[in-house]
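Single-letter residue listing:
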Amino acid sequence: MNEQTLFELLQQQGVSRRGFLKYCTALTSLMALPASMIPTVAHALESARRPSVIWLSFQECTGCAESLLRSHSPTIEGLIFDHISLDYQHTLQAAAGDAAEHAREQAIKDNYGKYLVVVDGSIPLADPGYSTIAGMSNLDMLNETLTGAAAVIAVGTCSAYGGLPQADPNPTGAVSVSSLVKDKPVINVPGCPPIPTVITGVLAHYLTFGSIPELDSLGRPKVFYGQSIHDRCYRRPFYDKGLFAETFDDEGAKKGWCLYRLGCKGPMTYNACATLKWNQQTSWPVESGHGCLGCSEPDFWDAGSFYNALSIPDGDYTRAAGYAVATGVVLGAAVGFTNQKTKATAAAQHTNVTVDDFSLNKKNK
Amino acid sequence: MELFSNANDFLLWTRGDAFNIAIGIFIVGSIIRVLEIFLLGRKHDFSEPRGTEWGPGLKNIISRSAVDSGTFKRAPFVVVVGYIWHICFFIVLLFFVPHIELIHATLGLKWPGIPSQFVDASTVIAMAALLAMLWHRLTHPVLKFLSTYEDYLVWLVTFLPLLTGYIAFHRMIDPYPMALGLHILSVELLLIVFPFTKLMHAITLFIARWYTGAMMGRKGIES
């Protein structure tokens, strides 16, 4: 099953060597590697045996898989995805029931210590019944599948950070993969959904170097999540000039001004949308006129309205201010009247000094 | 950081609970201080007024912002650096678009912003002015002798929002939500300290100037 190399498979699909090298060049630059690395990348991808991948789908919407599969076709990214040995993916595989589960067990056994596990969706801890596959809880399936894994790739914000299922009040007790897995390398590829090129880029990095890419503090590959949307946004010059769209259809919006005031979360969001774009580099959310939602960041569902500017307080501050005014008036009045009383007492006890008080004779009397 | 699971969590806290606490303490403290002043009252003036109170009082609020030549001769450094600091501080506070958004959301007032490069430059000048003030305080023997811990505390809580704001704007701390969270937290510290220190002058100056102007006006004297 894993005998053919990736390049042989790509050739069978009609991908020319020129097309393949072009892809390797793009990928090398994408991974922030020097141009001298292109032959290394090409060679590694050419000779790579298809790695076994087990894809586990837990509390998810299949949007991440859709992002990858339906992105645009045919592309080399898509073909690479086709030609990893995807041994288990319950949405895509033909087998069902026992046969499907058997495929997963077989892949673990055959590729022990070498296979990759891709997880999309969060894992419910409140009650395993919220999400089961073949009668097995998500947690049990994750633990069993991870025993011989080389690394785990958490695809999508739900598996990377808990995402939508974890949003307040988190009824299912949803958690991320990284909060459960401590003894294996975990690569977070967040996004709702992640950019397809980023998903395949991470796989390509693993194929090229046999190791996981450098990660940031939130477990994301720095090559794709190293810069904020804001810093790479083509609307950034308008931010710096102080030119902002006030509504979604005003003159500013039509002129492509900055969307900060309309709630764009670009300044706090680390992702590659601004550079890689979507749908064959056609466009991306900010280019289509809507602010960034911050979907590749933890807690993005709980970060207040998507349409509130980032600098706006998020809590019920009007109520807090109301209570504060009432408390202030009561305490202020109390302090004020205490002071008045002190003043009145002092005035009452005050005795006038007369010239007699200074008389020496008075003391002598 | 055990308290927060990640930087975003921290940012959300500073924008949520921490802001509510800070604004609460700021309002309670400020109202107590202002009521304390007004409820103390003044003795009734039985003399015949020679002029009006309101006009001269309001005029005095504005006119006392102008440089007084006597003060300038005595302390030119404090006057010049003081002006530079206040002007730059207000440019940063009132004309940076994210700040305008905050004011619009909380108070409903709105005005146009200015290009962020001007805000950035003003921040640097304001910080330099504050550092110069601190240096002056530490090197001037009389001023140093008169300084209490409160003076240094006030300096620190004023300086921190500028520093953290500069760091956040230039994204000098990674990840950005941590930088922005620290900036918001430093402003909340300023709000909490405000009513109980001489920072309160930002409110009481209006009362004091009005009272001086009104008193003079009533006596028919130009203030």
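Residues numbered from 1 in each chain as written. Chains lettered and ligands numbered in written order. Predicted model: local features only at pLDDT ≥ 70, side-chain atom pairs only at ≥ 80, totals over all residues. Heavy atoms only, no water.

Topic: the overall build of chain A
How we decide: In DSSP terms, a helix is any run of H or I states spanning at least four residues, a strand is any run of E spanning at least two, and both are numbered starting from the N terminus. The globule rule used for comparison is 2.2 Å times the number of residues to the exponent 0.38, while the radius of gyration itself is calculated over C-alpha atoms. Using a 1.4 Å probe on the protein chains alone, a residue whose accessible area is under 20% of its type maximum counts as buried, one over 50% counts as exposed, and one in between counts as partly exposed. Surface accessibility follows the Shrake-Rupley procedure with a 1.4 Å probe radius. Residue values consider only the protein chains on display as shielding. Counted as positive: Lys and Arg. Counted as negative: Asp and Glu. His and the chain ends are not counted at all. Charge positions come from single atoms, namely NZ of Lys, CZ of Arg, CG of Asp or CD of Glu.
Looking only at helices and strands, chain A has 17 helices and nine strands in total. For 365 residues, the compact-globule formula gives about 21 Å, and the C-alpha radius of gyration of chain A, at 31 Å, lies well above that figure. Dimensions of chain A, computed from C-alpha atoms along their principal axes, come out at roughly 125 × 50 × 40 Å. Per-residue burial for chain A yields a buried fraction of 51% across its 365 residues. Just so you have it, chain A exposes about 17300 Å², and 56% of that area is on carbon and sulfur atoms. Side-chain charges of chain A comprise 28 positive and 34 negative groups, with the mean position of each set lying 11 Å from the other.

Considerations on the overall build of chain B
The condition that has to hold: Should any heavy atoms of two residues lie within 4.5 Å, those residues are counted as being in contact.
When helices and strands are tallied, chain B shows 11 helices and zero strands. Going residue by residue from the N terminus, the α and β elements of chain B occur as α-α-α-α-α-α-α-α-α-α-α. For chain B, the spread of C-alpha atoms along the three principal axes comes to 70 × 40 × 35 Å. In chain B, once contacts between residues fewer than 6 apart in sequence are set aside, the share between residues at least 24 apart is 70%. Treating the 17 positive side-chain charges of chain B as one cloud and the 15 negative ones as another, the clouds have centres 12 Å apart.

Some remarks on the domain arrangement of chain A
Residue and element names in this part refer to chain A. Heads up, the condition is: Here the limits of each domain have been adopted from an automatic or database domain assignment. In this description, buried area is defined as the sum, over both parts, of the accessible area (probe of 1.4 Å) that is lost when the two are combined.
Per the domain assignment, the segments of chain A are domain 1 (6–225) and domain 2 (229–302). Each of domain 1 and domain 2 has a C-alpha centre, and the two are 27 Å apart. Counting residues at the interface gives 24 residues for domain 1 and 17 residues for domain 2. In total, about 1600 Å² of surface goes out of reach between domain 1 and domain 2, with carbon and sulfur atoms giving 67% of it.

Focus: the sheet that holds strand β3 (residues 115–120) of chain A
Residues and elements named next belong to chain A. To be explicit about the condition: Strand pairing is assigned whenever DSSP identifies at least 2 bridges connecting the two strands. The convention used is that axes are lines fitted to C-alpha atoms, helices contributing only their stretch in contact, and that angles between N-to-C directions extend from 0 to 180 degrees.
The five strands lie next to each other as β2-β1-β3-β7-β9, forming an open sheet whose pairing is parallel. Where the open sheet ends on each side, the last strands, each with one partner, are β2 (85–89) and β9 (186–189). Taking the axes of each pair of neighbouring strands and ignoring which way they run, one obtains an average angle of 20° across the sheet. When strand β7 (residues 149–155) meets β9, the two strands line up parallel, connected through four bridges. Counterpart to alanine 154 in the pairing with β9 is asparagine 188.

Remarks on the interface of chain A and chain B
Worth spelling out the cut-off: Counted as salt bridges are all cases of a side-chain nitrogen of Lys or Arg within 4 Å of a carboxyl oxygen of Asp or Glu. Distance and chemistry together define a polar contact, namely a pair of N or O atoms within 3.5 Å, with one atom able to donate a hydrogen and the other to accept it when in protein, and with adjacent residues in sequence counting only for side-chain atoms on both sides. Polar here means any residue outside two lists: the nonpolar Ala, Val, Leu, Ile, Met, Phe, Trp, Tyr, Cys and Pro, and the charged Asp, Glu, Lys and Arg; Gly therefore counts as polar.
Counting residues at the interface gives 46 residues for chain A, matched by 40 residues for chain B. Interface of chain A and chain B: buried area, both sides summed, is about 3600 Å²; carbon and sulfur atoms make up 61% of it. Viewed at the interface, chain B and chain A are joined by three salt bridges. For the pair chain A and chain B, the interface holds 18 residue pairs in polar contact (both at pLDDT 80 or more). At the level of secondary structure, the elements contributing two or more residues to the side of chain A that touches chain B comprise α12 (229–232), α13 (236–241) and α16 (317–349) of chain A. With 17 residues, α16 of chain A is the largest single contributor of residues to the side of chain A that touches chain B. Taken together, the residues of the side of chain A that touches chain B break down into 23 nonpolar, 12 polar and 11 charged.

With respect to the side chain of serine 122 of chain B
Residues and elements named next belong to chain B. Along the chain, the position of serine 122 falls in helix α7 (residues 116–139). A residue is classified by how much of its surface remains accessible, and serine 122, at 7% relative accessible area, is buried. Discounting chain neighbours no more than four positions away, the residues touching serine 122 are Cys88, Ile91 and Val92.

Quick notes on the packing of helix α2 (residues 17–40) of chain B against helix α10 (residues 176–193) of chain B
Residues and elements named next belong to chain B. The test is simple: The cut-offs work like this: below 35 degrees is roughly parallel, past 145 is roughly antiparallel, 65 to 115 is roughly perpendicular, and the gaps in between are oblique. Left-handed describes a crossing whose near helix is turned anticlockwise from the far helix by less than a right angle; the clockwise case is right-handed.
Where α2 meets α10, the closest approach of the two axes is 7 Å, and the angle between their N-to-C directions is 25°. Taken as axis vectors, α2 and α10 run roughly parallel relative to one another. α2 and α10 meet at a crossing whose hand is left-handed. Note on element contacts: α10 touches α2 through Glu188, Leu191 and Ile192, opposite Ala18, Phe19, Ala22, Ile23, Ile25 and Phe26. Looking at the contact of α2 with α10 residue by residue, the classes come out as eight nonpolar, no polar and one charged.

With respect to a nonpolar patch on the surface
Residue and element names in this part refer to chain B. Short version of the rule: Only residues above 30% relative accessible area that lack a salt bridge enter a patch, with like-charged residues linked at up to 9 Å and the nonpolar side chains Val, Leu, Ile, Met, Phe, Trp and Tyr linked at up to 5 Å.
On the surface, Val67, Phe72, Val80, Tyr83, Ile84, Ile87 and Ile125 cluster together to form a nonpolar patch covering roughly 580 Å² of accessible area. No other element matches the four residues that helix α5 (residues 76–95) contributes to the nonpolar patch. Within the secondary structure, phenylalanine 72 is located in helix α4 (residues 69–74).

Things to note about the pairing of β3 of chain A
Residues and elements named next belong to chain A. Of all six residues making up β3, six are buried, and the element is well covered by its neighbours. Going residue by residue along β3, you find Tyr115, Val117 and Val119 tucked away on one face and Leu116, Val118 and Asp120 tucked away on the opposite face as well. By the bridge criterion, five bridges tie strand β1 (residues 52–57) to β3 in an arrangement that is parallel. Residue pairing across strands places valine 53 opposite leucine 116, the latter belonging to β3. Bridge count for β3 against β7 is six bridges, and the pairing is parallel. Note that in β7 the partner of tyrosine 115 across the bridge is alanine 149.

A word on α16 of chain A
Put simply, the rule reads: What a helix is expected to span follows from its residue count: subtract one and scale by 1.5 Å.
Over its 33 residues, α16 of chain A runs 47 Å from end to end, which matches the ideal 48 Å to within 8%, given 1.5 Å per residue. Within α16 of chain A, burial applies to Tyr317, Ala320, Ala324, Gly328, Gly332 and Gly336 of chain A.

Looking at the pattern of salt bridges
Going through the model one piece at a time under the given rule, you end up with 17 salt bridges over all chains. For glutamate 297 of chain A, the salt bridge goes to arginine 220 of chain A, with nearest N and O atoms at 2.8 Å. On the criterion of sequence distance, the pair formed by glutamate 297 of chain A in the loop between α15 (273–276) and α16 and arginine 220 of chain A in the loop between α10 (196–209) and α11 (222–225) is long-range, its members being 77 residues apart. Considered together, glutamate 297 of chain A and arginine 220 of chain A belong to a single accessibility category, that of buried residues. Glutamate 246 of chain A serves as the salt-bridge partner of lysine 110 of chain B, at 2.8 Å between the closest nitrogen and oxygen. Note that lysine 110 of chain B is positioned in the loop between α6 (97–107) and α7 and glutamate 246 of chain A in the loop between α13 and α14 (251–254), a pairing that runs across two chains. The network of salt bridges with common partners includes Asp231, Arg236 and Asp240 of chain A together with Arg171 of chain B.

Focus: the environment of alanine 95 of chain A
Residue position: alanine 95 of chain A is located in the loop between β2 and α6 (97–110). Sequence separation between alanine 95 of chain A and serine 179 of chain A is 84 residues; the distance between their C-alpha atoms is 31 Å.

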